[in-house]
Amino acid sequence: MTKTLVIAEKPSVAQDIVRALTPVSGKFDKHDEHFENERYVVTSAVGHLVEIQAPEQYDVKRGKWSFTHLPVIPPHFDLKPVDKTKTRLNAVVRQAKRKDVTELVNACDAGREGELIFRLIEQYAGGGKPLGKPVRRLWLQSMTPQAIRDGFAQLRSEQQMQGLADAARSRSEADWLVGINGTRAMTAFNSRDGGFFLTTVGRVQTPTLSIVVEREEQIRKFVSRDYWEIHGSFLAEAGSYPGKWFDPAWKKANAPLLPSGDPDPEWRADRVWSEAEARTIADAARGRPATVTEESKPTTQASPLLFDLTSLQREANSRFGFSAKTTLALAQSLYERHKALTYPRTDSRALPEDYLPVVKQTMGMLATSGMKHLAPFAQQAIDGNYVKPTKRVFDNAKVSDHFAIIPTLQAPSGLSDAEQKLYDFVVRRFLSVFFPSAEFQVTTRISTVEREGKKYAFRSDGKVLVKPGWMAIYGKEAVSEDDEKDGKNLVPVKPGEQVLAESVEPKGLRTRPPARYSEATLLGAMEGAGKFVEDDELREAMQEKGLGTPATRAAIIEGLLTEKYMLREGRELIPTAKAFQLMTLLRGLQVEELSRPELTGEWEYKLAQMEKGQLSRAAFMREIAEMTQHIVKKAKEYDRDTVPGDYATLAAPCPNCGGIVKENYRRYACTGKSGSGTDACGFSFTKSPAGRTFEIAEAEQLVATKHIGPLEGFRSKAGWPFVAEIDLAWNEEDKNYKLEFDFGDDKDDPAATGEIIDFGGQPNYGPCPKCGGGVYELGANYVCEHSVPTPKHATPSCDFKTGKVILQQPVDEAQIRKLLAEGKTDLLDKFVSMRTRRAFKAFLAWNKDEGKVTFEFEPRESKFPPRKTFARAAPAAAKKAAAKKAPAAKAAAKAPAAKKAPRKAAAGSGLKPSAALAAVIGDEPVLRTEATKKLWDYIKAHGLQDPADKRSIRADARLQAVFDKPSATMFELAGILGRHLS
């Protein structure tokens, strides 16, 4: 009997499909890698299992990146398994190749990425070609059991999905081409002078970054100007009301021109630009009678549209402070785990026209739900027959592959606080879109003072909520006419009544620069391809040309933060010096493809056309290849020293000659006292030592004080991150100052200084494996007593040394003792590879042949156990036996978690603090690492770091007894602790 293989995107979806199909197709048996019954085999990926790569002969060569092998534009792409999920891939492929499996169903997420995940798995299973078995597509908008069954009843053909598959492959290949070629070309350009300056670029991430950089440039160049407004208070029979002067003859077209030739954007009808003019107007109007004209009319305001993912992310960021990544994760959980929301990765804000009955059912569910704060509004919508087939909500033309995010028919339970907030947020929007518009009474009142033939007009605006309509869902009620708590109601004025300008005063203000982007506003700018659009309908019309897709925008922003192109301060996104340097380079190279948001928006638009069958894949990829060739050609040909840019001039003088220090593309350099460079002294330093770019303020501090730090974000030649301080040190040979790294502990290293070290009072951790001498703690290392000068052994004769932290893995007292006593530590799990940046587990072991401490790994079988996503079906007897073992199994499962807790000394173990140290950290036995942490907590809590020199600790009364002196440096703390622990 033949079967159909269903491949979902993740295990939880596979389980949902099995539960939905069981009532109609029979019970499924569980196996290690899949579920199976008479008709279906159901298995799943875990996201991307396969990725594209260039064929061997076209691959970018390993080693130092250079222009030699660029550009790389292969005629086709090969596939390779994702390393972390090879086991899962093999399991899926094994099922796909079964002879009794004659048809495949693509049940991956409904969208471009889901289509790509399945297509690459199918191609890989076929040895690089399609597997040759018919494929149909399950397209789910909701994860409820009925929605899944309906989806299986309406499976789509492979031909129907071909446009989406082409767009998915084209997007993936375009990102590879631009990302690999662009990143390696720009990195090669920036690394020409040696070192390795990683400069990542991307088809979408770089134009997104340019939006943020351009805004920051506007802020930096903004020159604040003084202006004045004239505010008055007018007395009528019914009371006072405010008014603000304005020029009735003002027209935007008459705005004066700036030096750039652009109209002054700060020009307003209610602003004057000199204090004298403001005082003249105020003095002329003050105490004078005024005539009143008034226009009052009703207006309505409809509710906002339903949410798509981007609008949900924007508003959740503004309302709750959620990042775009957090909002997507919450919405995905509400869709996938709780089945409470429809598919979240959507760019549509409308519903299908045939969805009216489902919406009415959803209203019924909400009306009978336990949400007391929202259920009455759902009942009101039912009683008032609010759900009607309006084009604003139900419009097939505005529905793409997915429709708007709305609640499903399933009432959720067990939500986290954050999930509940987001669910309520979506439910309120869903309810409000069917409610009547809010009704306001808007009044515009003009109070005109005449004096000596001149007229001075003051405008007053009032807005009263008459019927709240949909706003009631958000807690807003209509206010009575005499309720002025919102400050927008105006006291009435009788027809023909004259009022008195009882007080009129000028108010001095200053123009303000544009606001920095938050995630909310940046998402809006990405959606409009760099043009921030507030209006819902207009933004919806532009979104097909946006940067990225609703599903990818959060990841793009997070990627820019990870690469240190931006920093997040509160809700603001601030570009770093590294971002400015990249934009300067791209502009100098005239690589518009990587810096213009509008152009990348056009590419997204073309991908959308491809999904609809309106553009061929071949034509699009030709454009991408041409663009890639242009990027590499420009980078190869350009002389880096002439890259133009808007560079800074430092306020701090050259430390060597007192000349003017200016920025260029690569360096900060002295240009002499003339500033022209003719009398320059030769002083300069790189802007990006070890791959970290100085902010301008940091460069200022370094030049002014010849020292800065500690700073994070440096990378070694091997790509390893490190922290260091930086000095401008005098170089006698060059007779000038040079930039040098200062790691602090080198200065205090007795091996370098020849200082005599006394290990008296410090614990001996065990015999040195090289010479048998004692091993002690010194600075950042454990060292043999014979490796440094001591009173008994003035000339070092051994070189044993091993770090207290190795590849980010702390090596505490217990582990160094075990290493010295037994030759090997326990299995440690916090090492991080310098090459792959991945965490790994290993033993530290003494290698006698190499004469040093090396890694020793677990046997491969235990390190990589088979991945068991699904439990194998067990006979009743086996299940019963397993149930008896369950308590022991649970206890075993909890054991590893205990190891991950912060390490503390077991009762009766650890080192005993001295009386002086106990007064600071307590008198319980502690491990040395725990003592260090407690000491630092005390120092920070009492503000004992010297503000002028963070490395220096000022002793209070308690620390004076520990230090035995008024202060100590951070590098001395380990030695001091050693004297107080026994």
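Definitions and cut-offs
- Residues numbered from 1 in each chain as written.
- Predicted model: local features only at pLDDT ≥ 70, side-chain atom pairs only at ≥ 80, totals over all residues.
- Heavy atoms only, no water.
- Phe/Tyr/Trp six-rings, centres within 6.5 Å; stacked < 30°, edge-to-face > 60°.
- Helix = DSSP H or I, 4+ residues; strand = E, 2+ residues; numbered from the N terminus.
- Buried < 20%, exposed > 50% of the residue type's maximum accessible area, 1.4 Å probe, protein only.
- Core = buried A, V, L, I, M, F, W, Y, C linked by side-chain atoms within 4.5 Å.
- Contact = heavy atoms within 4.5 Å.
- Pairing = 2+ DSSP bridges.
- Axes fitted to C-alpha atoms, helices over the stretch in contact; angles between N-to-C directions.
- 1 Å grid on protein atoms, 1.4 Å probe; cavity = no way out; pocket = protein on both sides within 12 Å on 5 of 7 lines; lining within 4 Å.
- Points joined across faces, edges and corners; volume = space filled by probe spheres on them.
- Nonpolar A, V, L, I, M, F, W, Y, C, P; charged D, E, K, R; others polar.
- Parallel < 35°, antiparallel > 145°, perpendicular 65-115°, else oblique.
- Left-handed = near helix turned anticlockwise from the far one by under 90°.
- Salt bridge = Lys/Arg side-chain N within 4 Å of Asp/Glu carboxyl O.
- pLDDT = per-residue confidence, 0-100.

Comments concerning the packing of aromatic side chains
Applying the stated rule across the entire model yields 29 aromatic pairs. Geometrically, the ring pair formed by tyrosine 386 and phenylalanine 435 is edge-to-face, given 4.9 Å between the ring centres and 75 degrees between the ring planes. Highlighted residues: tyrosine 386 in the loop between helix 11 (375-383) and helix 12 (417-432) and phenylalanine 435 in the loop between helix 12 and strand 13 (438-451), separated in sequence by 49 residues. Owing to a relative accessible area of 7%, phenylalanine 435 belongs among the buried residues under this scheme. Here the aromatic rings of phenylalanine 840 and phenylalanine 855 are separated by 5.6 Å at their centres, their planes lie at 80 degrees, and the arrangement is edge-to-face. Linking phenylalanine 840 in strand 30 (residues 839-847) with phenylalanine 855 in strand 31 (residues 852-856), this pair joins segments that are 15 residues apart in sequence. The exposure class of phenylalanine 840 is buried, given its relative accessible area of 16%. Take phenylalanine 855: its relative accessible area is 32%, and that puts it in the partly exposed class.

Considering helix 27 (residues 973-980)
Extensive coverage of helix 27 is indicated by the burial of six of its eight residues. Among all positions in helix 27, only Leu973, Ala974, Ile976, Leu977, Gly978 and His980 are buried.

A look at the nonpolar core
Met186, Leu209, Leu522, Ile557, Met566 and Phe620 are the most contacted members of the largest nonpolar core, which totals 80 residues. If one sorts the elements of this core by residue count, helix 5 (residues 162-190) sits on top with 10 residues. In this view, isoleucine 557 contacts Glu519, Leu522, Leu523, Met526, Met566 and Leu573; residues no more than four positions away in its chain are not counted. Formed by 48 residues, the second largest nonpolar core is a distinct cluster that contains Tyr355, Phe403, Val427 and Phe440.

As for the sheet that holds strand 11 (residues 239-246)
Note: strands within a sheet are paired through backbone hydrogen bonds, in either parallel or antiparallel orientation. Spatially, the six strands close up into a barrel ordered 10-11-14-13-12-15, and their pairing is antiparallel. Each neighbouring strand pair of the sheet contributes to a mean axis angle of 35 degrees, computed without reference to strand direction. Set on the sheet, helix 7 (residues 275-285) makes contact with strand 10 (226-236), strand 11, strand 13, strand 14 (454-467) and strand 15 (499-510); between it and strand 15 the angle comes to about 170 degrees.

Describing the pairing of strand 30
By the bridge criterion, three bridges tie strand 29 (residues 828-832) to strand 30 in an arrangement that is antiparallel. Within strand 30, the residue paired with valine 832 across the bridge is alanine 839. Relative to strand 31, strand 30 runs antiparallel, the two being bridged by five bridges. If you follow alanine 845 over to strand 31, its bridge partner there is threonine 854. In this antiparallel pair of consecutive strands, strand 30 and strand 31, the connection spans four residues, and glycine 851 shows a positive phi of 70 degrees.

Describing empty space enclosed by the protein
Inspection of every chain in the model, using the stated rule, returns two cavities of 30 Å³ or more. Volume-wise, the largest cavity comes out at about 60 Å³. Residue lining of the largest cavity: Val13, Ala107, Cys108, Asp109, Ala110, Leu140, Met143 and Tyr335, and that is the complete set. Residue classes in the lining of the largest cavity are distributed as seven nonpolar, no polar and one charged. When its volume is computed, the second largest cavity comes out at roughly 30 Å³. Lining of the second largest cavity is provided by Asn190, Phe197, Thr199, Tyr565, Lys578, Gln581, Leu582 and Tyr665.

Considering the environment of aspartate 262
Looking at where aspartate 262 falls in the secondary structure, it is placed in the loop between strand 11 and helix 7. On the accessibility criterion, aspartate 262 (44% relative accessible area) is partly exposed. Excluding anything up to four places from it in sequence, aspartate 262 contacts Pro256 and Leu257.

Topic: the packing of helix 8 (residues 309-320) against helix 12
With their axes 12 Å apart at the nearest point, helix 8 and helix 12 run at an angle of 120 degrees to one another. Taken as axis vectors, helix 8 and helix 12 run oblique relative to one another. You can see that helix 8 and helix 12 cross each other, and the crossing is right-handed. Along its contact with helix 8, which presents Leu312, Glu315, Ala316, Arg319 and Phe320, the element helix 12 presents Lys421, Leu422, Phe425, Val426 and Arg429. In terms of residue class, the contact of helix 8 with helix 12 is built from six nonpolar, no polar and four charged.

So, the pattern of salt bridges
Here the structure, examined in full by the defined rule, presents 53 salt bridges. Between glutamate 113 and arginine 171 there is a salt bridge, and its shortest N-O distance comes to 2.4 Å. Of this pair, glutamate 113 sits in helix 3 (residues 112-125) while arginine 171 sits in helix 5, placing them 58 residues apart in sequence. Between arginine 445 and glutamate 294 there is a salt bridge; the shortest N-O distance is 2.4 Å. With a gap of 151 residues between them, arginine 445 in strand 13 and glutamate 294 in strand 12 (residues 289-301) connect regions that are remote in the sequence. Classification of arginine 445 by relative accessible area gives buried; the value is 1%.

As for the confidence of the model for the protein
Confidence in the prediction of the protein, expressed as mean pLDDT, is 84, and 87% of residues score 70 or more. When pLDDT is averaged over each element of the protein, strand 10 comes out on top at 96 and helix 23 (residues 876-900) at the bottom at 41. In this model residues 479-487 is a low-confidence stretch, pLDDT under 50, and it forms 10 contacts with partners more than four residues away in sequence or in other chains. With pLDDT under 50 throughout, residues 861-909 is counted as low confidence; its partners more than four residues away or in other chains account for 39 contacts.

Observations concerning the sheet that holds strand 18 (residues 661-663)
Read across the open sheet, the three strands follow the order 18-19-20; overall the sheet is antiparallel. In this open sheet, the two strands that pair with only one neighbour each are strand 18 and strand 20 (684-686). Taken over all neighbouring pairs, the strand axes of this sheet differ in orientation by 15 degrees on average, direction set aside.

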